[in-house]
Amino acid sequence: MKKIILVLILLTSITGFSQIREWNTSLEAAKRLATIQNKMILMMWEESTLTPMPITINTDNGKQVFIEDLFTNEYVTTLIWDYFIPLKVSESNYPELYKEIKDSRSTAYINKFNDDSIKIMDVNGNILNTNTSYSDNFLNITDFILKYALNTALIKGEYLAYREEENFYSAYWLGAGYVDMTSFVLPKVRTEMIKLSNIYFEEALTFLDQNTTEDAQLYMQKIEFQKIKQELVLNNAKKALRQLKRLDPETVHISSESEIAFLYFTAHLLLRDEKSASEWRSKLSLVNLKKASQIITANQ
């Protein structure tokens, strides 16, 4: 009982002790901070923050404590700042932001963009948590942090390259970075992470359409291989093998042989077929062996 009372005291917002840290109001500033600090952005429409948002939080002994308002509780605000870059966006920015996505995002994505719930964004403002709604229940902020407080240091180089210049290569490699990162996040986030990677692959294809080159077929094939890799990180090895078997060997570029080997090797290991996997092992680089090991470990 004493422990619960102590937690309640810590969680109670007392204006006489200190001032609650203000959220960012500039999307561009939030993007810069997220890039520097290797964090995701926690975004809400400004008007939705004017209404109290009841939440729950877990104590050390596993019990849940009810908090009347996420936005006015000092302890919770500090937690959010520890793990995210908090951002509230004025409704006046809606038309411009909506125009950027209205013709290139799924219905689920648009719905998430429009609603009043929390949006977890990457440093480019693309939403990760498009599958989740909290309208029917109180949000458990502890579970939410465990799920979405991602360290993006793994793909910081790809972020910086994309911010410097948006083109086929930067979009492709950022999408590929998200596919690699998927095997490091919780299983319940992986499908959302794959959807986020697809945003960048679609952008890469758009750049390819706009700037046709003689290597266009090779670049399209690289994206196709990434799509197969997505199935592996989602533990869909049989589906990945079916896609690999549909490839026409005559159209596979010689530079892609190592990628093919990696995909076959990883798929067979996921299916615990060591004999078939061993036929591809010698064709893998040390980097790809480590990536395969990570995918296997994540799906065990």
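Keep in mind it's a predicted model, so treat the numbers as computed, not measured. (Residues numbered from 1 in each chain as written. Predicted model: local features only at pLDDT ≥ 70, side-chain atom pairs only at ≥ 80, totals over all residues. Heavy atoms only, no water.)

### A word on unusual backbone geometry
Spelled out, the test is: Secondary structure elements follow DSSP: runs of H or I of four or more residues count as helices, runs of E of two or more count as strands, with numbering from the N terminus. Only protein chains enter the accessibility calculation, which uses a 1.4 Å probe; a residue whose area is less than 20% of its type maximum is buried, one above 50% is exposed, and one in between is partly exposed.
Residue N38 is not a glycine yet carries a positive backbone phi of 60°. You can see N38 is positioned in the loop between α2 (27-37) and β1 (40-45). Residue N38 is classed as buried on the basis of its relative accessible area, which comes to 19%. Although it is not a glycine, R272 adopts a positive phi angle of roughly 60°. Take R272: it is sitting in the loop between α12 (257-270) and α13 (274-281). Overall, the relative accessible area of 74% leaves R272 in the exposed class.

### Here's the deal with the sheet that holds β1
Quick note on the threshold: Pairs of strands are assigned from DSSP output, requiring at least two bridges between the strands. Axes here mean lines fitted to C-alpha atoms, for a helix over just the part in contact, with angles spanning 0 to 180 degrees between N-to-C directions.
One open sheet accounts for 3 strands, arranged β4-β1-β5; its pairing is mixed. In this open sheet, the two strands that pair with only one neighbour each are β4 (84-89) and β5 (119-121). Averaged over neighbouring strand pairs, the angle between their axes works out to 30° when direction is ignored. Where β1 meets β5, 3 bridges bridge the pair, whose relative direction is antiparallel.

### Some details on the confidence of the model for the protein
Where we set the bar: You can read pLDDT as the predictor saying how much it trusts each residue, on a scale of 0 to 100. Should any heavy atoms of two residues lie within 4.5 Å, those residues are counted as being in contact.
Averaged over the protein, the pLDDT score is 91; the fraction of residues at 70 or greater is 92%. Note on residues 1-17: pLDDT is under 50 here. Beyond four places in sequence and across chains, it has 19 contacts.

### Focus on the side chain of K119
Let me state the cut-off plainly: Polar contact is defined as a pair of N or O atoms within 3.5 Å, subject to the rule that within protein one atom must be able to donate a hydrogen and the other to accept it, and that residues adjacent in sequence are counted only when both atoms are side-chain atoms.
Among the structural elements, K119 can be located in strand β5. Here K119 falls in the buried class, since its relative accessible area comes to 0%. In terms of polar contacts, K119 uses its side chain to reach the backbone carbonyl oxygen of K112, at 2.9 Å. Side-chain polar atoms of K119 contact the backbone oxygen of S117, separated by 3.0 Å. Apart from residues lying up to four places away in sequence, K119 is in contact with I41, L42, M43, W45, K112, F113, I127 and N129.

### Some thoughts on helix α5 (residues 107-114)
Rules: The directions considered for the arc run from the helix axis to the C-beta atoms.
Restricting attention to buried positions, one finds in α5 the residues Y109, I110, K112 and F113. Looking straight down α5, one finds that the buried residues subtend no more than 160° of arc, so they occupy a single side. The inward-facing, buried residues of α5 contact β1, α4 (94-101), β5 and α9 (187-210).

### Concerning the pattern of salt bridges
Spelled out, the test is: Just to be clear on terms, a salt bridge is a Lys or Arg side-chain nitrogen sitting within 4 Å of an Asp or Glu carboxyl oxygen.
With the rule as written, the count across this model stands at 7 salt bridges. Two residues, D115 and K119, come together in a salt bridge whose shortest N-O distance is 2.9 Å. In this structure, the salt-bridge partner of E231 is K239, at a minimum N-O distance of 3.5 Å. Taken together, the salt bridges that share partners define one network made up of D180, K229 and K291.

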